[in-house]
Amino acid sequence: MAVCIAVIAKENYPLYIRSVPTENELKFHYTVHTSLDVVDEKISAMGKALVDQRELYLGLLYPTEDYKVYGYVTNSKVKFVMVVDSSNTALRDNEIRSMFRKLHNSYTDIMCNPFYNPGDRIHSRAFDNTVTSMMMQVC
């Protein structure tokens, strides 16, 4: 189960951050922003191969005692970061990939909205519902 999901713009400012236990919200914001360094390292390590690659899933960025942080980058360099509870051992890598694909599809729907200005914060009920379903998903 995801405890925090974030969408980060190409310029590394948050477009959307949502966390389940709201009392730890600042901790999750810090975790998401510190993971951006790891995302940049992985992108630069992939180099030119990232452009040719269809799968943009970065995998496990780093584990902590309580959480695991996963990353995903779109073709337009928008980053998705998902913080997952470490106690959930049933959550497999392919399930994380499918959650990122679902999140990417929902983000694409927002980008196709003619009333959304790219680069603005995301205020979409459909996107919120997608994120909520991923956070409430029990595996």
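Just above, that's the structure.
We now turn to the structure provided with this report.

Rules used in this analysis
Residues numbered from 1 in each chain as written. Predicted model: local features only at pLDDT ≥ 70, side-chain atom pairs only at ≥ 80, totals over all residues. Heavy atoms only, no water. Core = buried A, V, L, I, M, F, W, Y, C linked by side-chain atoms within 4.5 Å. Buried < 20%, exposed > 50% of the residue type's maximum accessible area, 1.4 Å probe, protein only. Helix = DSSP H or I, 4+ residues; strand = E, 2+ residues; numbered from the N terminus. Contact = heavy atoms within 4.5 Å. Salt bridge = Lys/Arg side-chain N within 4 Å of Asp/Glu carboxyl O. Phe/Tyr/Trp six-rings, centres within 6.5 Å; stacked < 30°, edge-to-face > 60°. Expected span 1.5 Å × (residues − 1). Pairing = 2+ DSSP bridges. Axes fitted to C-alpha atoms, helices over the stretch in contact; angles between N-to-C directions.

### Brief notes about the nonpolar core
Then step 1. Ranked by internal contacts, the top residues of the largest apolar core, which has 27 residues, are Val7, Phe100, Ile122 and Phe127.
Then step 2. Those elements that provide at least two residues to this core are β1 (2-8), β2 (14-19), β4 (67-73), β5 (79-85), α3 (93-111) and α4 (125-136).
Then step 3. If one sorts the elements of this core by residue count, α3 sits on top with 6 residues.
Then step 4. Residues contacting valine 7, with those up to four places away along its chain left out, are Tyr13, Pro14, Leu15, Tyr16, Val78, Lys79, Phe80, Tyr107, Ile122 and Phe127.
Then step 5. Membership of the second largest hydrophobic core comes to 19 residues, among which are Val3, Cys4, Tyr67 and Val69.

### Concerning the pattern of salt bridges
Then step 1. In total, this model carries 2 salt bridges according to the counting rule given.
Then step 2. Note that aspartate 66 is salt-bridged to lysine 27, the shortest N-O span being 4.0 Å. Of this pair, aspartate 66 sits in the loop between β3 (57-63) and β4 while lysine 27 sits in helix α1 (residues 25-46); the two residues are 39 residues apart in sequence, bridging distant segments of the chain.
Then step 3. Note on lysine 27: relative accessible area 40%, which makes it partly exposed.
Then step 4. For arginine 97, the salt bridge identified is with aspartate 93, shortest N-O distance 3.8 Å. In this pair, arginine 97 and aspartate 93 both sit in helix α3, 4 residues apart, roughly one turn of the helix.
Then step 5. The class for aspartate 93 is partly exposed, based on a relative accessible area of 38%.

### Notes on the packing of aromatic side chains
Then step 1. Taken as a whole, this structure holds 6 aromatic pairs when the rule is applied.
Then step 2. Ring plane angle 90° and centroid distance 4.8 Å describe the contact between tyrosine 16 and phenylalanine 127, whose orientation is recorded as edge-to-face. Within this pair, whereas tyrosine 16 is found in strand β2, its partner phenylalanine 127 is found in helix α4, the two being separated by 111 residues in sequence.
Then step 3. Its relative accessible area of 6% is what places tyrosine 16 among the buried residues.
Then step 4. Ring centres 5.4 Å apart and planes at 15° place the aromatic pair tyrosine 72 and phenylalanine 100 in the stacked group. Linking tyrosine 72 in strand β4 with phenylalanine 100 in helix α3, this pair joins segments that are 28 residues apart in sequence.
Then step 5. According to the relative accessible area criterion, tyrosine 72 is buried, its value standing at 6%.
Then step 6. By way of ring pairs, the aromatic residues Tyr57, Tyr72, Phe80, Phe100 and Tyr107 are connected into one cluster.

### Examining α1
Given 3.6 residues to a turn, an α-helix orients residues that are three or four positions apart in the same direction.
Then step 1. Taking 1.5 Å of rise per residue, 22 residues should cover 32 Å, and α1 covers 31 Å from first to last C-alpha, within 8% of that figure.
Then step 2. If you check which residues of α1 are buried, you get Phe28, Thr31, Val32, Ser35, Leu36, Val38, Val39 and Ile43.

### Focus on the environment of leucine 103
Then step 1. Residue position: leucine 103 is located in helix α3.
Then step 2. Sequence-wise, leucine 103 and isoleucine 122 are 19 residues apart; in three dimensions their C-alpha atoms are separated by 13 Å.
Then step 3. Setting aside anything within four residues of it in sequence, one finds leucine 103 in contact with Ile5, Phe80, Phe127, Val131 and Met134.

### Concerning the sheet that holds β2
Then step 1. Strand order in the open sheet formed by 5 strands is β2-β1-β5-β4-β3, and the pairing between neighbours is antiparallel. The open sheet has two edge strands with one neighbour each: β2 and β3. Taken over all neighbouring pairs, the strand axes of this sheet differ in orientation by 15° on average, direction set aside.
Then step 2. Bridging between β1 and β2 involves 5 bridges; their strand directions are antiparallel. Within the sheet, the bridge partner assigned to isoleucine 8 lies in β2 and is proline 14.
Then step 3. Across the sheet, α3 is in contact with β1, β2, β3, β4 and β5; its angle to β5 comes to roughly 140°.

Nothing here speaks to function; it is all geometry.
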